[in-house]
Amino acid sequence: AGAEFVSDYFDFSIYIDADEAIDEQDETNNGVAAGVNLLVCEDDAFAGNQSAATAPFIDVNAEQTDLYICPGTEDWFCYDNLTAGDFNATATFALNPEDRTGSDLNIAVFAVDENRVTTADLGSSVNLGDDASVDFTLDADSDVCVRVFPLRPQGENSYTFQLTAP
């Protein structure tokens, strides 16, 4: 058996009696080649932000672009000491029309303490097919973390994310 990397996939070939040591009528049927697509999901620049504990602190009103959710993962972003007021968290993504549930992303917003432990659920947007957006109000200054996650565990998609304050 052999494997050769070709662009975005591996070409695996299986050879039986490659040296033609066994006498048979058809020596041309000793090998079978098959292209196998083993595309690897390439995470974004924030790779490793799989929980509130590992989430980067990012700035309010700063759009985060070129983000990607890989199968079996989720992304977290945190905001340090937001001033009381109204906010909006929005994830905008490209919907795959052939796999609406596999490409759908959702968000949930949480107030957290200094150890990034959830103290309050501030809202979520779990839906099928639309961009995810949550409006929420902080009654007091607070740290906030946002979870971006696929509707299905195998889901993946590229997206942009922004938390805005009016």
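Here's what I pulled together on the structure shown here. (Residues numbered from 1 in each chain as written. Predicted model: local features only at pLDDT ≥ 70, side-chain atom pairs only at ≥ 80, totals over all residues. Heavy atoms only, no water.)

## Considerations on the overall build of the chain
- Of the regular secondary structure elements, the chain holds 1 helix and 11 strands.
- Long-range pairs, those at least 24 residues apart, make up 68% of the contacts in the chain with a sequence separation of at least 6. (Helix = DSSP H or I, 4+ residues; strand = E, 2+ residues; numbered from the N terminus. Contact = heavy atoms within 4.5 Å.)

## Notes on the nonpolar core
- With 25 residues, the main nonpolar core has Phe136, Tyr159 and Phe161 as its most contacted residues.
- Those residues in contact with Phe136 that sit more than four places away from it in its chain are Gly85, Asp86, Phe87, Ala89, Val109, Leu122, Val144 and Leu163.
- By size, the runner-up hydrophobic cluster in this structure holds 9 residues, among which are Cys78, Val112, Cys145 and Phe149. (Core = buried A, V, L, I, M, F, W, Y, C linked by side-chain atoms within 4.5 Å. Buried < 20%, exposed > 50% of the residue type's maximum accessible area, 1.4 Å probe, protein only.)

## Digging into the sheet that holds strand 5 (residues 75-82)
- Across the sheet, which stays open at both edges, the 4 strands sit in the order 5-10-7-8 with antiparallel pairing between neighbours. Either end of the sheet is taken by a strand with one partner, and the two such strands are strand 5 and strand 8 (118-125). Across the sheet, the axes of successive neighbouring strands diverge by a mean angle of 20°, strand direction being ignored.
- One ladder, built from 6 bridges, connects strand 5 with strand 10 (residues 142-150); its direction is antiparallel. By the bridge assignment for strand 10, Leu82 is matched with Ser142. (Pairing = 2+ DSSP bridges. Axes fitted to C-alpha atoms, helices over the stretch in contact; angles between N-to-C directions.)

## Quick notes on unusual backbone geometry
- Positive phi, normally seen in glycine, also occurs at Asn61, with a value near 70°.
- By relative accessible area, which is 42% here, Asn61 ends up partly exposed.
- With a phi close to 55°, Asn81 is a non-glycine residue in the positive phi region.
- For Asn81, the position within the fold is in strand 5.

## Quick word on the pairing of strand 11 (residues 157-164)
- Going residue by residue along strand 11, you find Asn157, Tyr159, Phe161 and Leu163 tucked away on one face and Ser158, Thr160, Gln162 and Thr164 left uncovered on the opposite face.
- Inspection of the sheet shows strand 4 (residues 64-69) paired to strand 11 by 4 bridges, in the antiparallel sense. Pairing of Leu67 across the sheet is with Tyr159, part of strand 11.
- Note that strand 6 (residues 85-93) and strand 11 share 6 bridges and pair antiparallel.

## Looking at the pairing of strand 6
- With 7 bridges connecting them, strand 6 and strand 9 (residues 132-138) associate as antiparallel partners. Opposite Thr90, over in strand 9, you have Ser133 as the bridge partner.

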